[in-house]
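Below, each chain spelled out in residue letters.
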Amino acid sequence: METSSAPNLDLDNIRALKLLGKGATGTVFLVHDSSASSPFALKLVKKSSASSLRRAKWETQILRRLSDEPNPFLPRLLATSESSDFFAWAIPYCSGGDLNVLRHRQNDGVFSSAVIKFYLAEILCALDHLHSMGIAYRDLKPENILLQESGHVTLTDFDLSCSLNKPTRPEFYLSDPEPDPTRKRFFRQKTKKTKSARVNPITRRRMSFSAGERSNSFVGTDEYISPEVIRGDGHDFAVDWWALGVLAYEMMYGATPFKGRSKKETFRNVLMKEPEFAGKPSDLTDLIRRLLVKDPTRRLGFRRGAAEIKEHAFFRGVKWDLLTEVLRPPFIPLRDDGEMTENVTGSGFGVKEYFEKLRTPPLPLPHECSGNNPFVDF
Ligand SMILES: Nc1ncnc2c1ncn2[C@@H]1O[C@H](COP(=O)(O)OP(=O)(O)OP(=O)(O)O)[C@@H](O)[C@H]1O
């Protein structure tokens, strides 16, 4: 158990209300345990998968650090637990689903400029906080942006993140620096080719978590991967600013800017193609253009981090310190009272039972009714 307020996790007996999602690493359940005051999300990984376990341990290490240095747009670790088969950890439950699902619910699958401003501002603050802790997130995409019950965002899924030394560029710490003509040389000085070049989140190779000013591992989701990662040039925090540009584009146009018919074509587009902007130029298109600069040393945010991006005209009027207090989030999830009380009435299913059933899937008989069976889709 991690903190005094953390739920007491007994994996043998814990009962889940529903399955929240499955990723490459883990399975996430909604749990309302009698030892916890409110429902929480429980992420489980099988210890039989050494790579999943390694990523899980890394993710909980990051979450532990985030519990010590909290931020309203980042999760914290509520508890960890281990059985002979599973490693599990609890994080606050985000009842609003993810930004990808929310976008698909919008007319034409796009958000208005005001809504984009709200979400980008919060995500920018979350990334700023991570970078200030020396953590590059490296997996920004709508699926990893969850909505809290309040409608504010939470970034999730830290298994691709990595520790980097904080930038040594002096101007990074200045509010209004003069341009530095040596900055390009600085970035390129330790260039090293990566060995593997075809890895996505489903088949990630072993990562190096060693700290350094840049990382050479090849990680990310195809359409969000930055040119420097594809080239294997080594990368730093600017990969997150690239991904922020892709995200903003997808929120605005309903599609990512470099998607090709194959992974190869997508990567070629990332490296060669300039993003296309339909309609009139605006502050938002200008922001996206500056974030999607292929040379990371010329990308907005490279020199002075989030501060440089916050100053862009698109964010004019944003009260950065009051984001959680003043702004009313554009979408507030509907409260599902069933989620809060179901376990009290004894329903739900055992998480271990869930995995056991997966191992020996029952052959459904034609007359059988699925009813409320949580295993029916799996
Ligand atoms: N705190 C949470 N509240 C609500 N749902 C969550 C929460 N955390 C995760 N989920 C759901 O579970 C899904 C899988 O979680 P997550 O992305 O952390 O797993 P993963 O195995 O690391 O995935 P990936 O394949 O992206 O690495 C998410 O897409 C989301 O739908």
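Residues numbered from 1 in each chain as written. Predicted model: local features only at pLDDT ≥ 70, side-chain atom pairs only at ≥ 80, totals over all residues. Heavy atoms only, no water.

Caption draft 1: Summary view of the pairing of strand β5 (residues 86-92). The element β5 is largely enclosed, with a buried count of six among its seven residues. As judged from the seven bridges shared by strand β3 (residues 40-46) and β5, these two strands associate in the antiparallel manner. Pairing of Lys43 across the sheet is with Trp89, part of β5. Pairing analysis gives four bridges linking strand β4 (residues 79-82) to β5, with the strands arranged antiparallel. Across the sheet, Ser81 pairs through a bridge with Ala88, a residue of β5. Between β4 and β5, which pair antiparallel in sequence order, lie three residues. (Buried < 20%, exposed > 50% of the residue type's maximum accessible area, 1.4 Å probe, protein only. Helix = DSSP H or I, 4+ residues; strand = E, 2+ residues; numbered from the N terminus. Pairing = 2+ DSSP bridges.)

Caption draft 2: Summary view of the packing of helix α3 (residues 113-132) against helix α6 (residues 238-253). Interhelical geometry of α3 versus α6 gives an angle of 165 degrees and a closest axis separation of 11 Å. Here α3 lies roughly antiparallel to α6, going by the angle between them. Classified by chirality, the crossing of α6 by α3 is right-handed. The segment α3 lies against α6, with Ile116, Tyr119, Leu120, Ile123, Leu124, Leu127, Asp128 and His131 engaging Asp240, Trp241, Leu244, Leu247, Ala248, Met251 and Met252. Of the residues in the contact of α3 with α6, the class split is twelve nonpolar, one polar and two charged. (Axes fitted to C-alpha atoms, helices over the stretch in contact; angles between N-to-C directions. Parallel < 35°, antiparallel > 145°, perpendicular 65-115°, else oblique. Left-handed = near helix turned anticlockwise from the far one by under 90°. Contact = heavy atoms within 4.5 Å. Nonpolar A, V, L, I, M, F, W, Y, C, P; charged D, E, K, R; others polar.)

Caption draft 3: Spatial organisation of the UniProt feature "binding site: ATP" (unreviewed entry) in the protein. Under the UniProt annotation, "binding site: ATP" (unreviewed entry) lies at Lys47. Looking at the secondary structure, you find Lys47 in the loop between β3 and α1 (50-68). In this structure Lys47 comes out as partly exposed when scored by relative accessible area, which is 25%. Excluding anything up to four places from it in sequence, Lys47 contacts Leu53, Glu82, Ser83, Ser84, Asp85, Phe86 and Phe87. There is a polar contact of 2.9 Å between the side chain of Lys47 and the side chain of Glu82. (UniProt positions renumbered as here; feature names shortened; annotations may be inferred. Polar contact = N/O pair within 3.5 Å; in protein donor to acceptor, adjacent residues only side chain to side chain.)

Caption draft 4: Here's a closer look at the site of the ligand. Looking at the ligand, there are 19 residues lining it, with Ala24, Thr25, Gly26, Lys43 and Asp157 nearest. The separation between an oxygen atom of the ligand and a polar side-chain atom of Lys43 is 2.7 Å. One of the backbone nitrogen or oxygen atoms of Cys94 is found 3.0 Å away from a nitrogen atom of the ligand. In isolation the ligand exposes 620 Å². Once the protein is present, 89% of that is buried. (Near = heavy atom within 4 Å. Areas by Shrake-Rupley, 256 points an atom, 1.4 Å probe, with all protein chains shown as cover.)

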